[in-house]
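Chain by chain, the residues run as shown.
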Amino acid sequence: MIHLQTFGELRLTDGLGAPIRYPVKALVMIAYLYSSPDQQRSRQELARFLWNETGDHLADLNLRKLISRIRDTTTTSDEQILNFGPPFISLNKNVLSVDLDILRKEEQPVAQLAAVSDLVQRGFVAGLSASTKAIDAWIERERQLHLLTLRDIFVRAADHIRDDEERRLLRRSGLQLLEVFPGDEQIRSILRGTAEDHSQRRPQAARAVAMARSLIAEQQDAGMPQIITPTSAPRLVLLPPGAAALTREAAIADALIEDVTIELCALRNISVVAPHTAEQIRRDSDKATIVQRHSISYLLDTRLSGEGLYAQLIYFPTDEILWAARFDMAVETLPTQRRLIAQKLADAVSGQLKRNESIRLRNEADPQAYHSYLLGAGLLTKLSLPDIRRARKSFKRALHFSPDYAPAFTGLSRTFTSEWLLTTQGDPALLQLAEDQALRAIERDSESAAGHRELGVTKLYQGAVDDSVAALDLAESLSPHYADVIYSHADTLVHASRPQDALEKIKKAISLNPIAPDAYLWCAAGASYFLEQYEEALAYVDRMKDKAPAYRIAAASCAMIGDRKRAQFYRQRAELLNPAFEVEKWLALVPFKEQWQKELYRDGLFKAGFSKT
């Protein structure tokens, strides 16, 4: 028997599974006829369906050509799939099977749930290119009907679950449905195990599905818009650890993430991505692209190590870490704590989402401003003067689209402090501009850590160390897991003559951002130096990809431990980058709060052989 596959790739195969070469429009026509109640349509109706944007005459001509191609490219037995008798074109149901049949069969509910869930996940007629508005509308209506059918099967299957594997299937299917029906209380109730009697609710579910099917059929005839619309709630994906080893700890960690996913289904302001998609994202080498493709705003990323399960909530558009924690995964204690940990994770995630939603809604309200802001933020990572000035133009463009867009003011502030650093710290007017922009950002969004961070950085360069510490302390209290804010706070604490506090802060920032930027490691090296932990300072420098900014601190550290050869090596590298460097002139510009720091740094630099004048 010939088989038509409509889920995933649309294709036709013979009884041995070999592909039958059919024009794409012909395959669409077969699928469309199969979905019709009597499995036949007039030639005129099919022509309008397949080519509704070309005009009646061309549509009729195209249909005649398609019929001719079908007859020319198939065998005699294959031609029996379609009957081309006027005035109707119809299917020969006796020679054709279709994967859609599984939706119509009355089988054991759990087995049917597994099959239908898999089909719906693959997508009905996915990736079709030869399309028209009429074809697109038909595909969307069919997908809606398939989802309603899956929901009906899900409710029936809930009364027939016998073991953990089937329970896992029920959960995955329920999460798949909640992506489309986020307000469906019965699905949530079944997932959370609180539905008292599913059998009593089954007739209600069946009536709801029947009513929805009737509405969709009416809309198909009237050409009305679809009744199922995507949720506007932010999308969250929970990425499982993906541990390679099939250990008990790995199994428990996966179960933990599943529990968290179920807990989050109780929330009304979040759309949770189904585990099937989450697994695909975890395996994909280009996670950023696939996350963007699925319009995902938040990721809960998890990793399993010897120290336990590490979880961090990331706001994808800005790559900001909103929350992070580590959990003990001891085999002897975790099984009894699993539900408690899941609840803690769910509470923390939901709380952070609620606090961060104003940012998401603001970005959606000003998409052009947000786009310009992202362009500028990308340019700022390159730290060259031309890129910084191009970034400034992007931020100004964002303010053209939205004059009160706070992130653009924080970006502008950063461009002025960056330019001040790159132009040998000579123009105080740049720092005044940076302060003005940071204050404007704070005026427009006082709850955002970003504006307070930029103000703190600017105050440090202006020499107002105490003001810098205060601003960054406030920034960190507003966003306690924002690694970049914690780094800036640590950097200021170094200059505030509090190197021990600085080292603790920067270690926290590195734990939140394990593939740490060089700036984090440079800061850690500086804090270690002022704690007279010179070997530790050199270890941080060794981890930097670009060690050039840290040549002076490395030379001073080597000199302080008596390693003159390495000290000379780093000093020569630093002098190649800046031949005019003078210790006293430079130390006069560095805003250290207490004199002992300048003395300690001066001692190391002189011992390394830097010029005193």
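Residues numbered from 1 in each chain as written. Predicted model: local features only at pLDDT ≥ 70, side-chain atom pairs only at ≥ 80, totals over all residues. Heavy atoms only, no water.

A. Layout of the overall build of the chain. The secondary structure content of the chain amounts to 28 helices and 11 strands. When each of the 613 residues of the chain is scored for burial, the buried share is 51%. If you take every contact in the chain between residues at least 6 apart in sequence, the share linking residues at least 24 apart comes to 62%. Put simply, the chain shows about 29000 Å² of open surface, and 51% of that area lies on carbon and sulfur atoms. (Helix = DSSP H or I, 4+ residues; strand = E, 2+ residues; numbered from the N terminus. Buried < 20%, exposed > 50% of the residue type's maximum accessible area, 1.4 Å probe, protein only. Contact = heavy atoms within 4.5 Å. Areas by Shrake-Rupley, 256 points an atom, 1.4 Å probe, with all protein chains shown as cover.)

B. Structural detail: the pattern of salt bridges. Enumeration over the complete set of coordinates arrives at 22 salt bridges. As a salt-bridge pair, arginine 444 and aspartate 404 come within 3.0 Å of each other at their nearest N and O atoms. Linking arginine 444 in helix α18 (residues 428-444) with aspartate 404 in the loop between α16 (385-401) and α17 (406-422), this pair joins segments that are 40 residues apart in sequence. The class of arginine 444 is partly exposed, set by a relative accessible area of 35%. Glutamate 584 serves as the salt-bridge partner of arginine 602, at 2.8 Å between the closest nitrogen and oxygen. Of this pair, arginine 602 sits in helix α28 (residues 595-607) while glutamate 584 sits in helix α27 (residues 583-589), and the two are 18 residues apart along the sequence. Given the relative accessible area of 34%, glutamate 584 is considered partly exposed. One connected set of salt bridges, linked through shared partners, spans Asp38, Arg41 and Glu45. (Salt bridge = Lys/Arg side-chain N within 4 Å of Asp/Glu carboxyl O.)

C. Summary view of helix α1 (residues 24-35). The first and last C-alpha atoms of α1 sit 17 Å apart over 12 residues, in line with the 16 Å expected at 1.5 Å per residue. With 10 of its 12 residues buried, α1 lies for the most part within the structure. Of all the residues in α1, the buried ones are Lys25, Ala26, Leu27, Val28, Met29, Ile30, Ala31, Tyr32, Leu33 and Tyr34. (Expected span 1.5 Å × (residues − 1).)

D. Representation of the pairing of strand β7 (residues 235-239). Across the five residues that make up β7, a large majority, four, are buried. The pairing of β7 with strand β8 (residues 271-272) spans two bridges and is parallel. Looking across to β8, one finds that arginine 235 is bridged to serine 271. Relative to strand β9 (residues 298-305), β7 runs parallel, the two being bridged by four bridges. Across the sheet, the residue bridging to valine 237 is leucine 299, located in β9. (Pairing = 2+ DSSP bridges.)

E. Spotlight on the sheet that holds strand β5 (residues 88-91). An order of β3-β5-β4 is seen for the three strands of this open sheet, with the pairing classed as antiparallel. Each having just a single partner strand, β3 (40-42) and β4 (82-83) make up the two edges of the open sheet. Packed on one face of the sheet, α1 meets β3, β4 and β5 and runs near 80° to β5. Helix-sheet contacts for helix α2 (residues 43-50) involve β3 and β5, and the interaxial angle to β3 is about 90°. (Axes fitted to C-alpha atoms, helices over the stretch in contact; angles between N-to-C directions.)

F. View of the environment of arginine 543. By the element assignment, arginine 543 lies in helix α24 (residues 534-543). On the basis of relative accessibility, which here comes to 47%, the residue arginine 543 falls in the partly exposed class.

G. Molecular detail of the packing of helix α21 (residues 483-495) against helix α23 (residues 518-530). The interhelical angle for the contact between α21 and α23, taken along N-to-C directions, is 30°, at an axis separation of 10 Å. By the angle between their axes, α21 is roughly parallel relative to α23. In the crossing of α21 with α23, the sense of the turn from one axis to the other is left-handed. On α23, the residues touching Ala483, Asp484, Tyr487, Ala490, Asp491 and Val494 of α21 are Ala519, Tyr520, Cys523, Ala527 and Phe530. (Parallel < 35°, antiparallel > 145°, perpendicular 65-115°, else oblique. Left-handed = near helix turned anticlockwise from the far one by under 90°.)

H. Expanded view of the nonpolar core. Judged by nonpolar contacts, the single largest core of 65 residues is most densely connected at Met29, Ile81 and Leu82. Take this core: its biggest share by element is 11 residues, from helix α7 (residues 133-157). Discounting residues that sit within four places of it in the chain, methionine 29 has contacts with Leu46, Leu50, Leu63, Leu66, Ile70, Leu82 and Ile89. Counting 58 residues, the second largest nonpolar core, distinct from the first, contains Ala525, Tyr540, Val541 and Phe610. (Core = buried A, V, L, I, M, F, W, Y, C linked by side-chain atoms within 4.5 Å.)

I. Expanded view of the packing of α16 against α17. For the pair α16 and α17, interaxial distance at closest approach is 9 Å and the crossing angle is 160°. Taken together, the axes of α16 and α17 lie roughly antiparallel to each other. Handedness of the α16/α17 crossing: left-handed. Where α16 abuts α17, its residues Leu385, Ile388, Arg389, Ala391, Arg392, Phe395, Lys396, Ala398 and Leu399 lie against Ala408, Phe409, Gly411, Leu412, Thr415, Phe416, Ser418, Glu419 and Leu422.

J. Seen up close, the packing of aromatic side chains. Taken as a whole and assessed by the stated rule, the structure comprises 21 aromatic pairs. Measuring from ring centre to ring centre gives 5.4 Å for tyrosine 529 and phenylalanine 530, while their planes differ by 90°; the resulting arrangement is edge-to-face. We classify tyrosine 529 as buried; its relative accessible area is 0%. Connected via pairs of aromatic rings, a cluster forms that spans Tyr529, Phe530, Tyr534, Phe581, Trp586, Phe592, Trp596, Tyr601 and Phe610. Above the plane of the ring of tryptophan 586 lies arginine 552, whose end atom (NZ or CZ) is 4.8 Å from the centre. (Phe/Tyr/Trp six-rings, centres within 6.5 Å; stacked < 30°, edge-to-face > 60°. Lys NZ or Arg CZ within 6 Å of the ring centre and 35° of its normal.)

K. Seen up close, helix α19 (residues 449-461). Between the first and last C-alpha of α19 there are 19 Å, a value that for 13 residues agrees with the 18 Å anticipated at 1.5 Å per step. The element α19 is largely enclosed, with a buried count of 11 among its 13 residues. All of the buried residues along α19 are Ala449, Gly451, His452, Arg453, Glu454, Leu455, Gly456, Val457, Thr458, Lys459 and Leu460. In the core, the buried residues of α19 are packed alongside α17, α18, α20 (465-478) and α21. The backbone nitrogen of alanine 450 lies 3.2 Å from a side-chain oxygen of the residue at the head of α19, namely serine 448. Of the residues one or two after α19, glycine 463 is the one with positive phi, at around 90°. (Polar contact = N/O pair within 3.5 Å; in protein donor to acceptor, adjacent residues only side chain to side chain.)

L. Representation of the side chain of histidine 495 in the model. In this structure, histidine 495 sits in helix α21. In this view, histidine 495 contacts Leu460, Val465, Val590, Pro591, Phe592, Lys593 and Gln597; residues no more than four positions away in its chain are not counted.

M. Just the side chain of glutamate 419, in detail. Within the secondary structure, glutamate 419 is located in helix α17. We classify glutamate 419 as buried; its relative accessible area is 8%. A distance of 2.8 Å separates a polar atom in the side chain of glutamate 419 from a polar atom in the side chain of arginine 389. Within polar-contact distance, the side chain of glutamate 419 engages the side chain of arginine 392 at 2.7 Å. Not counting residues within four places of it along the chain, the set of residues in contact with glutamate 419 comprises Leu385, Ile388, Arg389, Arg392 and Leu430.

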